[in-house]
Amino acid sequence: MKPAKVLLVDDEVELAEAIVQRLKIRRYAARAAFSGAGAIAALQEEDPDVMIIDLYLQGMLGIDLARSVRRIRPEIVTIMLSGHGSSDAERWISNGEIFDFVMKPVEIQQLVQKIDRAKKEHDERQKRGVCGHARH
Amino acid sequence: MAEEQTKETRLGSVKDMLRSPLRTIEAVRQDRYKSLKVRIFFTVGTLAGVPLLIVTAVCFFWLHAVLVDDFSSHLRWQMEHARAGLEYFLSDRISSLRYLASAHPYASLVNPQSLREIFQKRKQEFPELIDLEVVNADGLQISYAGPYSEKGKNHAQQDWFVRAKVHGVAVSQVFPGDRDLLHYVVAVRQYVPERDSFWILKASIDVETLNRFVAEIGLTERDDAFLIAGTDMLQTHSRFHGAVFQRVAMPSLSQQRGFTLMKYKDEVSGNVILGATRVSGSPWTLVAFMKPTTLERIFTMLKREILAVYLIIVFVAIGVWMNYRTTHSIVNRIRDTEKAREEAITHSEHSAKLASIGRLATGVAHEINNPLAIINEKAGLIKDLFEMYPESSGCQREFLPLVNAISESVNRCRTITHRLLGFARRMDISIEPINVNDVVREVVGFLERELAVRNIRLELNLDENIPQIESDRGLLQQVFLNIANNAIDAVSDGGEIVVSSMPENGSGLKVVIRDNGAGIPKEVLKHIFEPFFTTKQKGKGTGLGLSLSYGIIKRLGGTIEVDSFVDKGTAFTITLPLAAELDRSVQ
Ligand SMILES: Nc1ncnc2c1ncn2[C@@H]1O[C@H](COP(=O)(O)OP(=O)(O)O)[C@@H](O)[C@H]1O
Ligand SMILES: [Mg+2]
């Protein structure tokens, strides 16, 4: 399996860059975006398999970004990242709005596992051609 | 200070076992107050009552004396009046007889014809005169004027004759007379110097004259008055003691002159006041038996009034007492209500405080999380880099432990923040029917190994009659585990923990977790539900267990209360409703 292409969205620049670097060390094609708008812009250039989105972004909620991504790029698998325990996360997961949830501070091994799981999901989605209206 | 204490104690319903020593002291104190109260009551009662009784008694006897005195002097006055009248009457009779004897020549008195004329004239003036008689010194009848002439009658043996012979004048007792005409005799001696002899003029007088004087004493129909001769022989008719010449049962009176007044109990008339006075110049004593009716009436009235006054006093006292009691109990109730209200206020203040502290704690945890995450990632990155380029730095051996220490500390922080936030995340409560006893048993199962190692005895006292409740199994497990862990920490090796469950009237059930450990001092007790409050060693306690448990139980619509006595132990009581009514005010 090819390592996943990961887009990390977090307004904490230092945190985002450190995680990206660590993922890169682990051979993931990772890049960071620091805002919702940045993430949308990155989606124009890149084609990530997995998006890791912080729940609180400057000016918007990570869940809203996740919802937009699901609408425009349904094959991308989203993982919610938050320092804030949220009772909503489980509901979102069961609704299928996000794929998984990680609590900050993250254990890198745990994150990597989740990314791998997400990548598998991504590959399956592509095979199935989920929702069939992926735009290129 | 006392305020503070009530606040503390009311944090929970104290277990009986723990409370009993206090209760005993309280009971002893209550008993002492009660006996003191009784003693004061009786002392004050005696102080107020005894003088009142004394005054009443003194007044009573004093009034009695005055009334008796008044009554007696009235009686005395009446009797003296009657006696004086009688004495005057007798001396009047005697003088008029003397006048007869000296105004008429002896010859005309001896002559029956002229004596009869004198008698007729006298009788007109004085109708009660029965006869006139002249008697010689030997007691022989010389002449007689009157209805019952008996020629040659000898009076020498008669008492009056002897007395007249000696004293010159005599008044006799009452005689039945020859024809049952009751009468008495008045006699005067007339001296004849030329013959050195005397003769006696004697008059018989109807007893009616005496009755008049006796009747003068103001008598009621219950009184009795009469004349007696000697010690007890009736001389006039008595209402209750019989006819003339009968004997009256009465105390022997001294024969001296003067007035005798005494209380006397007589089988005929009952309690009476007896008055007696000698009629001088006669053989008679005037006697009166007076029933003190008015006296008695006044006394019964007085007694009734005193009784009424006492009854009024008693009723007023009872009224005052009851009033006092009512006021007392009303005031008590008001005080209790106010206390309860104050307690409710402090209680709600306390839980509001805990809730806001809880929110603050989660907020802080969240804010700290981001920098913590950065530290974590940077440290992780350093480690990654070391691993990637093992040859890059010679000081790798020195750096790696430092980075590991950073990661270690971050991990510790993570445990704390995750626990805080994890609680918040887990707040998607899943309500299901639960047997709380089963939950307790599961938790005990987790702890078995530690209990065995430390040789702690855990007793389960589970009431199988507790109702099934609708609640969150996982959260309850967490709460029981937190509290049980604290109990394990609190007891020394070989200590004892008792977990009991019981139905709570109508409102679900109660679980009590009690230990016989160190107990919680008052100053600590105030804070145990606050997040991060711990008295345990660094790294051992997070101070979150009770704070989270409090939040959970509140969220589940229950209550958690604590009672603790230093060196005796601690009891946590968790009350759960039949169905968790989720408290949304808790985050
Ligand atoms: N059963 C107990 N006996 C004595 N002290 C207790 C007991 N339960 C709790 N405490 C006190 O309450 C404090 C707070 O408890 P908790 O919130 O569970 O935090 P922690 O156990 O991490 O200290 C404890 O540090 C201890 O001082
Ligand atoms: Mg604890």
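What you see is a predicted model; the values in this text were computed from it and never measured.

Conventions we followed
- Residues numbered from 1 in each chain as written.
- Chains lettered and ligands numbered in written order.
- Predicted model: local features only at pLDDT ≥ 70, side-chain atom pairs only at ≥ 80, totals over all residues.
- Heavy atoms only, no water.
- Helix = DSSP H or I, 4+ residues; strand = E, 2+ residues; numbered from the N terminus.
- Buried < 20%, exposed > 50% of the residue type's maximum accessible area, 1.4 Å probe, protein only.
- Contact = heavy atoms within 4.5 Å.
- Pairing = 2+ DSSP bridges.
- Axes fitted to C-alpha atoms, helices over the stretch in contact; angles between N-to-C directions.
- Near = heavy atom within 4 Å.
- Polar contact = N/O pair within 3.5 Å; in protein donor to acceptor, adjacent residues only side chain to side chain.
- Areas by Shrake-Rupley, 256 points an atom, 1.4 Å probe, with all protein chains shown as cover.
- Parallel < 35°, antiparallel > 145°, perpendicular 65-115°, else oblique.
- Left-handed = near helix turned anticlockwise from the far one by under 90°.
- Nonpolar A, V, L, I, M, F, W, Y, C, P; charged D, E, K, R; others polar.
- Patch = residues over 30% accessible without salt bridge, like charges linked within 9 Å, V, L, I, M, F, W, Y side chains within 5 Å.
- Salt bridge = Lys/Arg side-chain N within 4 Å of Asp/Glu carboxyl O.
- Core = buried A, V, L, I, M, F, W, Y, C linked by side-chain atoms within 4.5 Å.
- pLDDT = per-residue confidence, 0-100.
- Arc of directions from axis to C-beta.

**A few points about the overall build of chain B**
Part 1 of the reasoning: A tally of regular secondary structure across chain B gives 12 helices and 17 strands.
Part 2 of the reasoning: Counting over 587 residues, chain B shows a buried share of 41%.
Part 3 of the reasoning: Considering only intrachain contacts with a sequence separation of at least 6, the fraction spanning at least 24 residues in chain B is 62%.

**Focus on the sheet that holds strand 3 (residues 169–175) of chain B**
Residue and element names in this part refer to chain B.
Part 1 of the reasoning: Ordered by their spatial adjacency, five strands build an open sheet running 2-1-5-4-3, and the pairing between neighbours is antiparallel. Taken across any chain shown, the strands that pair with only one partner, and hence form the sheet edges, are strand 2 (141–145) and strand 3. With direction set aside, neighbouring strand axes in the sheet form an average angle of 20 degrees.
Part 2 of the reasoning: As paired strands, strand 3 and strand 4 (residues 183–192) are joined by five bridges and run antiparallel to one another. Of the residues in strand 4, the one forming a bridge with Ala170 is Ala187.
Part 3 of the reasoning: Sheet strands touched by helix 5 (residues 159–167): strand 1 (129–136), strand 3, strand 4 and strand 5 (197–206). Its angle to strand 3, the strand with the most contacts, is close to 170 degrees.
Part 4 of the reasoning: With respect to the sheet, helix 6 (residues 208–216) is in contact with strand 3, strand 4 and strand 5, its orientation differing from that of strand 5 by roughly 60 degrees.

**Some points on the site of ligand 1**
Residue and element names in this part refer to chain B.
Part 1 of the reasoning: Around ligand 1, the surrounding shell holds 19 residues, and the nearest of these are Asn486, Thr534, Thr535, Lys536 and Gly543.
Part 2 of the reasoning: At 2.5 Å from an oxygen atom of ligand 1 is found a side-chain nitrogen or oxygen belonging to Thr535.
Part 3 of the reasoning: Contact between ligand 1 and Leu546: an oxygen atom at 2.8 Å from a main-chain N or O atom of the residue.
Part 4 of the reasoning: The protein chains hide 93% of the 530 Å² of surface that ligand 1 would expose on its own.
Part 5 of the reasoning: Sorting the residues of the shell around ligand 1 by element identifies helix 10 (473–490), helix 12 (545–555) and strand 17 (569–576) as the ones contributing at least two each.
Part 6 of the reasoning: It is helix 10 that provides the largest number of residues to the shell around ligand 1, a total of three residues.

**Description of the environment of Pro401 of chain B**
Part 1 of the reasoning: Within the secondary structure, Pro401 of chain B is located in helix 8 (residues 396–425).
Part 2 of the reasoning: In this structure Pro401 of chain B comes out as partly exposed when scored by relative accessible area, which is 46%.

**A look at the packing of helix 9 (residues 436–453) of chain B against helix 10 of chain B**
All names here are of chain B.
Part 1 of the reasoning: Running from amino to carboxyl end, helix 9 crosses helix 10 at an angle of 40 degrees, the nearest separation of the two axes being 9 Å. Accordingly, the angle class assigned to the pair helix 9 and helix 10 is oblique. Both helix 9 and helix 10 take part in a crossing whose hand is right-handed. Residues Val436, Val439, Val440, Glu442, Val443, Phe446, Leu447, Glu450 and Leu451 of helix 9 form the contact with helix 10, whose participating residues are Arg473, Leu476, Gln477, Phe480, Leu481, Ala484, Asn485 and Ile488.
Part 2 of the reasoning: Taken together, the residues that form the contact of helix 9 with helix 10 break down as 12 nonpolar, two polar and three charged.

**Thoughts on a nonpolar patch on the surface**
Residue and element names in this part refer to chain B.
Part 1 of the reasoning: On the surface, Val38, Phe41, Phe42, Leu307, Leu311, Val314, Phe315, Ile318, Trp321, Met322 and Tyr324 cluster together into a nonpolar patch covering about 1200 Å² of accessible area.
Part 2 of the reasoning: A per-element tally of the nonpolar patch places helix 7 (residues 293–388) first, with eight residues.
Part 3 of the reasoning: Along the polypeptide, Phe41 turns up in helix 2 (residues 16–103).

**Focus on the pairing of strand 10 (residues 284–290) of chain B**
All names here are of chain B.
Part 1 of the reasoning: In terms of burial, strand 10 is a largely internal element, seven of the seven residues being buried.
Part 2 of the reasoning: Across the two faces of strand 10 the burial is the same, with Trp284, Leu286, Ala288 and Met290 and Thr285, Val287 and Phe289 all buried.
Part 3 of the reasoning: Looking at chain direction, strand 6 (residues 224–229) and strand 10 are connected through six bridges and run antiparallel. From the neighbouring strand, Leu227 faces strand 10, where its bridge partner is Leu286.
Part 4 of the reasoning: Where strand 9 (residues 270–278) and strand 10 come together, six bridges link them in antiparallel fashion. Directly across from Ile273, in strand 10, lies its bridge partner Met290.
Part 5 of the reasoning: The turn linking strand 9 back onto strand 10 is made up of five residues, and Gly281 within it adopts a positive phi angle of 75 degrees.

**Regarding the sheet that holds strand 2 (residues 29–33) of chain A**
Residue and element names in this part refer to chain A.
Part 1 of the reasoning: As summarised here, the arrangement of the five strands in space is 2-1-3-6-7, forming an open sheet in which the pairing is parallel. The sheet terminates laterally at strand 2 and strand 7 (100–103), the two strands that pair on one side only. Strand-to-strand twist of the sheet, defined as the mean angle between neighbouring strand axes without regard to direction, takes the value 20 degrees.
Part 2 of the reasoning: Where strand 3 (residues 50–54) meets strand 6 (residues 77–82), five bridges bridge the pair, whose relative direction is parallel. By the bridge assignment, Ile52 is partnered in strand 6 with Ile79.
Part 3 of the reasoning: Each of strand 1 (5–9), strand 3 and strand 6 is contacted by helix 3 (residues 62–72), which is oriented at about 155 degrees to strand 3, the strand it contacts most.

**Looking at the nonpolar core**
Residues and elements named next belong to chain B.
Part 1 of the reasoning: Within the largest apolar cluster, 52 residues are counted, with the highest numbers of intra-cluster contacts made by Leu132, Tyr184, Leu201 and Trp284.
Part 2 of the reasoning: When residues in this core are grouped by element, the largest group, 14 residues, is from helix 2.
Part 3 of the reasoning: Residue contacts for Leu201: discarding those within four places in its chain leaves Leu97, Leu100, Ala101, Leu132, Glu133, Val134, Val186, Ala187 and Val188.
Part 4 of the reasoning: Ranked by size, the runner-up nonpolar core spans 43 residues in total, among them Leu476, Ile488, Leu546 and Phe572.

**Quick notes on the confidence of the model for chain A**
Part 1 of the reasoning: Mean pLDDT over chain A works out to 86, with 90% of the residues at or above the 70 mark.
Part 2 of the reasoning: Confidence drops under pLDDT 50 across residues 132–136 of chain A; counting only partners more than four residues distant or on other chains, this segment forms five contacts.

**Observations concerning the side chain of Ser143 of chain B**
Part 1 of the reasoning: Relative to the assigned elements, Ser143 of chain B resides in strand 2.
Part 2 of the reasoning: Residues in contact with Ser143 of chain B, not counting those within four places in the same chain, are Leu109, Val110, Leu115, Leu132, Glu133 and Val134 of chain B.

**Focus on helix 2 (residues 36–45) of chain A**
Since the α-helix advances by 3.6 residues per turn, residues separated by three or four positions end up pointing in the same direction.
Residue and element names in this part refer to chain A.
Part 1 of the reasoning: Looking only at helix 2, the buried set comprises Gly36, Ala39, Ala42 and Leu43. The arc enclosing the buried residues of helix 2, seen along the axis, measures out at 120 degrees, which places them on a common side. Turned more than 90 degrees from where helix 2 packs its buried face, Ala37, Gln44 and Glu45 sit exposed.
Part 2 of the reasoning: Buried positions along helix 2 lie against strand 1, strand 2, strand 3, strand 4 (56–57), strand 5 (60–61) and helix 3.

**Quick word on the pattern of salt bridges**
Part 1 of the reasoning: Counted under the stated rule, the structure contains 34 salt bridges over all chains.
Part 2 of the reasoning: The salt bridge partner of Asp49 of chain A is Lys119 of chain A, with a shortest N-O separation of 3.4 Å. Placement of the pair is Asp49 of chain A in the loop between helix 2 and strand 3 and Lys119 of chain A in helix 5 (residues 108–128), with a sequence separation of 70 residues.
Part 3 of the reasoning: According to the relative accessible area criterion, Asp49 of chain A is buried, its value standing at 7%.
Part 4 of the reasoning: Given the relative accessible area of 6%, Lys119 of chain A is considered buried.
Part 5 of the reasoning: Linking Arg76 of chain B and Glu80 of chain B is a salt bridge whose minimum nitrogen-to-oxygen distance equals 3.2 Å. Here Arg76 of chain B pairs with Glu80 of chain B, and both are found in helix 2, just four residues apart, close to one helical turn.
Part 6 of the reasoning: Among the residues examined, Arg76 of chain B registers a relative accessible area of 40% and is labelled partly exposed.

**A look at the packing of helix 1 (residues 13–25) of chain A against helix 5 of chain A**
All names here are of chain A.
Part 1 of the reasoning: Between helix 1 and helix 5, the shortest axis-to-axis distance is 11 Å and the interhelical angle comes to 70 degrees. By the angle class used here, helix 1 and helix 5 are roughly perpendicular. As helix 1 runs across helix 5, the sense of the crossing is right-handed. For the pair formed by helix 1 and helix 5, the contact residues are Ile19, Arg22 and Leu23 on the first element and Ile108, Leu111, Val112 and Ile115 on the second.
Part 2 of the reasoning: For the contact of helix 1 with helix 5, the class distribution of residues is six nonpolar, no polar and one charged.

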